[in-house]
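These are the residues of each chain, in order.
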Amino acid sequence: MSQGSPGDWAPLDPTPGAPAPPNPFVHELHLSRLQRVKFCLLGALLAPIRVLLAFIVLFLLWPFAWLQVAGLTEEQLQEPITGWRKTVCHNGVLGLSRLLFFLLGFLRIRVRGQRASRLQAPVLVAAPHSTFFDPIVLLPCDLPKVVSRAENLSVPVIGALLRFNQAILVSRHDPASRRRVVEEVRRRATSGGKWPQVLFFPEGTCSNKKALLKFKPGAFIAGVPVQPVLIRYPNSVDTTSWAWRGPGVLKVLWLTASQPCSIVDVEFLPVYQPSPEESRDPTLYANNVQRVMAQALGIPATECEFVGSLPVIVVGRLKVALEPRLWELGKVLRKAGLSPGRVDTGAEPSRSRMIGQEEFARQLQLSDPQTVAGAFSYFQQDAKGLVDFRDVALALAALDGGRNLEELTRLAFELFAEEQAEGPGRLLYRDGFSTILHLLLGSPRPAATTLHAELCQKAPSQGLSLCQFQNFSLHDPLYGKLFSTYLRPPHTSRGTSQTPNATSPGSPTALANGTMQAPKQKGD
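Residues numbered from 1 in each chain as written. Predicted model: local features only at pLDDT ≥ 70, side-chain atom pairs only at ≥ 80, totals over all residues. Heavy atoms only, no water.

You'll find the chain entered in an unreviewed UniProt entry as Lysophosphatidylcholine acyltransferase 4, with Sciurus vulgaris given as the organism. The UniProt entry for the chain carries this comment under Sequence similarities (unreviewed entry): "Belongs to the 1-acyl-sn-glycerol-3-phosphate acyltransferase family." What UniProt records for the chain under Subcellular location (unreviewed entry) is the sentence "Membrane". (UniProt positions renumbered as here; feature names shortened; annotations may be inferred.)

Here's what the structure looks like:
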């Protein structure tokens, strides 16, 4: 494959108003009546036997995994295992793993292309990552090393298999862990073939196979050649997808085990040789490989990703939460019997007032400690555990529904705008703008900051006036609809807020797809 270059690369953000790719976080399983009958019968007869036998094989893997590392010191485990341990245990785990997937119904693994040697491509990148069955790709790759969470070491059998694999472990609770992982990946990738290949799922989480999520740069930091590996499940019914919203673990496992035969296609693409620019810039490298794999799969490459625990989609030049935490906060407060409109916040415009959890409970008239802690956690806290009361005031005003969008955006401006250093009037600067979008739309602050800089390019100052902010939030063809969607979610006849279905016409996803219609109010 020819080298990529910065000149070939274009941003993955869709242009404003252009159709965007489908929502990759939602999987809806539609079965006909005949298919439902078939799954009921096979689910009662075939699935229990398959799952039971698969679990037996899973536990048979443990002795082979334990034997490979038994008696070895931590220092010895820093080098690849060789000799009889490698021969006996590696072949044992490989054979039993294939048997495990066979018992679950994966009768055929079809391989296309040629797997590169560890010298040609020290790193393998597999996509799309759509299910917990995806480790089946390890089999035609001859069990390469993987990157996993350190917490998985405590899981029975799985922990033993990770030690057997000499996996690279990352801890979410240790800030220095990521730096050590980067160093270890670079050490193994540049060992000149001494270490087996390292396999990454660069999306970092599961999607529904309809689009590629944004690739994380971890697999590309070493700047070495990588081989893309495509995973497809060409079955008549997609029972394997395990997305953010859709069938859960047990249902996916049961439905897949109920299939008479499941097929997996694993395709090795040509090795991607990075250009000098890509070797120096892991993000550029990741984006270019993502585009190559998306083109081979025939699906879009997106910048959708998980930020924290929330899925983020792209609308125009802005990233927004698929379901803003503001909606969840509304559910919590209404469950506690609180009407946001009856709360007298008393927040002062353009003046920060930091409050703790006790004052937060007093202001919102909440008494249940669990409800207070849950509601308080929705707001960004400083190093002392305090939140800005302006954030609370804006969130409550948005949830109240008593203000129209023009009044709500005016309130947001008044709360966060600052006096100009030179000249009269007040402007909305970067921090205030990103806070508003983070609160109301769930936008990551870096994405909001970038958009603010673009909006200010046409302005003589580094801030937005009230007129400019409302032109953006109310009258822009794309972002105006975005605000109306997130700040006026559909209501039931009793007036309680409900989250729109992710694929309904009045949803953020529909807006990203260019099919958005302004939602209609019911029973306000």
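1. Brief notes about the side chain of Asp265
With respect to the element layout, Asp265 can be found in strand β7 (residues 262-268). A relative accessible area of 3% places Asp265 in the buried class. Within the structure, the side chain of Asp265 is placed 3.4 Å from the side chain of Arg112, a separation counted as a polar contact. (Helix = DSSP H or I, 4+ residues; strand = E, 2+ residues; numbered from the N terminus. Buried < 20%, exposed > 50% of the residue type's maximum accessible area, 1.4 Å probe, protein only. Polar contact = N/O pair within 3.5 Å; in protein donor to acceptor, adjacent residues only side chain to side chain.)

2. Description of a positive patch on the surface
Together, Arg149, Arg172, Arg178 and Lys216 make up a region of like positive charge exposed at the surface. Looking at the element boundaries, Arg178 is found in helix α4 (residues 177-189). (Patch = residues over 30% accessible without salt bridge, like charges linked within 9 Å, V, L, I, M, F, W, Y side chains within 5 Å. Areas by Shrake-Rupley, 256 points an atom, 1.4 Å probe, with all protein chains shown as cover. Salt bridge = Lys/Arg side-chain N within 4 Å of Asp/Glu carboxyl O. Lys, Arg positive; Asp, Glu negative; His and termini not counted. Charge placed at Lys NZ, Arg CZ, Asp CG, Glu CD.)

3. Observations regarding the UniProt feature "transmembrane region" (unreviewed entry) in the chain
Residues annotated in UniProt with the feature "transmembrane region" (unreviewed entry) correspond here to residues 39-62. With 100% helix and 0% strand, residues 39-62 has its two end C-alpha atoms placed 32 Å apart.

4. Points about the sheet that holds strand β10 (residues 318-321)
Spatial ordering of the open sheet is given by β8-β9-β10, a layout of 3 strands whose pairing is antiparallel. Looking at the sheet topology across the chains shown, the edges are occupied by β8 (305-307) and β10. Ignoring which end each strand starts from, the neighbouring axes of this sheet average 45° apart. Inspection of the sheet shows β8 paired to strand β9 (residues 310-315) by 3 bridges, in the antiparallel sense. (Pairing = 2+ DSSP bridges. Axes fitted to C-alpha atoms, helices over the stretch in contact; angles between N-to-C directions.)

5. Let's talk about the layout of surface pockets
Summary: where empty space remains is shown by rolling a probe the size of a single water molecule over the atoms. Put simply, the second largest pocket is a space of about 530 Å³. Counting residues per element, the lining of the second largest pocket draws most heavily on α4, at 5 residues. Per-class residue counts for the lining of the second largest pocket are 10 nonpolar, 4 polar and 5 charged. (1 Å grid on protein atoms, 1.4 Å probe; cavity = no way out; pocket = protein on both sides within 12 Å on 5 of 7 lines; lining within 4 Å. Points joined across faces, edges and corners; volume = space filled by probe spheres on them. Nonpolar A, V, L, I, M, F, W, Y, C, P; charged D, E, K, R; others polar.)

6. A short note on α4
The first and last C-alpha atoms of α4 sit 18 Å apart over 13 residues, in line with the 18 Å expected at 1.5 Å per residue. What α4 keeps buried is the set Ser177, Val181, Glu184, Val185, Arg188 and Ala189. The buried residues of α4 occupy an angular sector of 125° when projected down its axis, which confines them to one face. Each element contacted by the buried residues of α4 is listed here: β2 (123-127), β3 (145-149), β4 (168-170) and β5 (198-200). (Expected span 1.5 Å × (residues − 1). Arc of directions from axis to C-beta. Contact = heavy atoms within 4.5 Å.)

7. Quick notes on the packing of aromatic side chains
The full count for this structure, using the stated rule, is 17 aromatic pairs. A centroid spacing of 5.3 Å and a plane angle of 75° characterise the contact between Phe132 and Trp242, whose relative ring orientation is edge-to-face. A residue pair is termed long-range when its members are at least 10 positions apart, and Phe132 in the loop between β2 and β3 and Trp242 in the loop between β6 (226-232) and α5 (249-258) qualify at 110 residues. Exposure remark for Trp242: the relative accessible area of 32% places this residue in the partly exposed category. Ring centres of Phe360 and Phe379 lie 5.9 Å apart, and the angle between their planes is 65°; on these two criteria the pair is classed as edge-to-face. Residue Phe360 is found in helix α9 (residues 357-364), and its partner Phe379 is found in the loop between α10 (369-376) and β12 (387-388); the two are separated by 19 residues along the sequence. Looking at Phe379, the relative accessible area reads 5%, which means it is buried. Feature note: the residues Phe101, Phe106, Phe132, Phe133, Tyr233 and Trp242 constitute an aromatic cluster, connected by ring pairs. Taking NZ or CZ as reference, Lys38 lies 5.2 Å from the ring centre of Phe39, over its face. When the ring centre of Trp195 is taken as origin, the NZ or CZ atom of Arg188, which lies over that ring, is 3.9 Å away. (Phe/Tyr/Trp six-rings, centres within 6.5 Å; stacked < 30°, edge-to-face > 60°. Lys NZ or Arg CZ within 6 Å of the ring centre and 35° of its normal.)

8. Things to note about the confidence of the model for the chain
Should pLDDT be low for a region, the predicted coordinates there are not to be read in detail. Averaged over all residues, the pLDDT of the chain is 83; the fraction at 70 or higher stands at 85%. Per-element mean pLDDT across the chain ranges from 52 in helix α17 (residues 508-512) up to 97 in β6. Here residues 1-20 scores under 50 on pLDDT; set against residues more than four positions off or in separate chains, the count is 48 contacts. Residue range residues 513-524 is modelled with pLDDT below 50. Its contacts to residues more than four positions away, or to other chains, number 26 contacts. (pLDDT = per-residue confidence, 0-100.)

9. With respect to the sheet that holds β7
Here we have 7 strands laid out as an open sheet, ordered β1-β7-β6-β2-β5-β3-β4, and mixed in their pairing. In this open sheet, the two strands that pair with only one neighbour each are β1 (106-112) and β4. The sheet shows a mean angle of 25° between the axes of neighbouring strands, direction not considered. Sheet topology places β2 next to β5; 3 bridges connect them, and they run parallel. Within β5, the position partnered with Val125 by the bridge is Phe200. Here helix α7 (residues 282-297) sits on the sheet and contacts β2 and β6; the angle it forms with β6, its principal contact strand, is near 40°.

10. Remarks on the packing of helix α15 (residues 466-475) against helix α16 (residues 479-487)
Relative placement of two packed helices is described by the angle separating their axes and the distance separating the axes. Packing of α15 against α16 leaves a shortest axis separation of 5 Å and a crossing angle of 70°. Relative to α16, the element α15 lies roughly perpendicular. In this structure, α15 contributes Phe472, Ser473 and Leu474 to the contact, and α16 contributes Tyr479, Gly480 and Phe483. Here the residues of the contact of α15 with α16 are counted per class, giving 4 nonpolar, 2 polar and no charged. (Parallel < 35°, antiparallel > 145°, perpendicular 65-115°, else oblique.)

11. Some points on the packing of helix α11 (residues 389-400) against helix α13 (residues 430-441)
Close contact between α11 and α13 brings their axes to 10 Å; oriented N to C, the two are set at 40°. Relative to α13, the element α11 lies oblique. For the element pair α11 and α13, the recorded crossing hand is right-handed. Facing α11, whose interface residues are Asp391, Leu394 and Ala398, α13 presents Thr435, Ile436, Leu439 and Leu440. Among the residues making up the contact of α11 with α13, the classes are represented as 5 nonpolar, 1 polar and 1 charged. (Left-handed = near helix turned anticlockwise from the far one by under 90°.)

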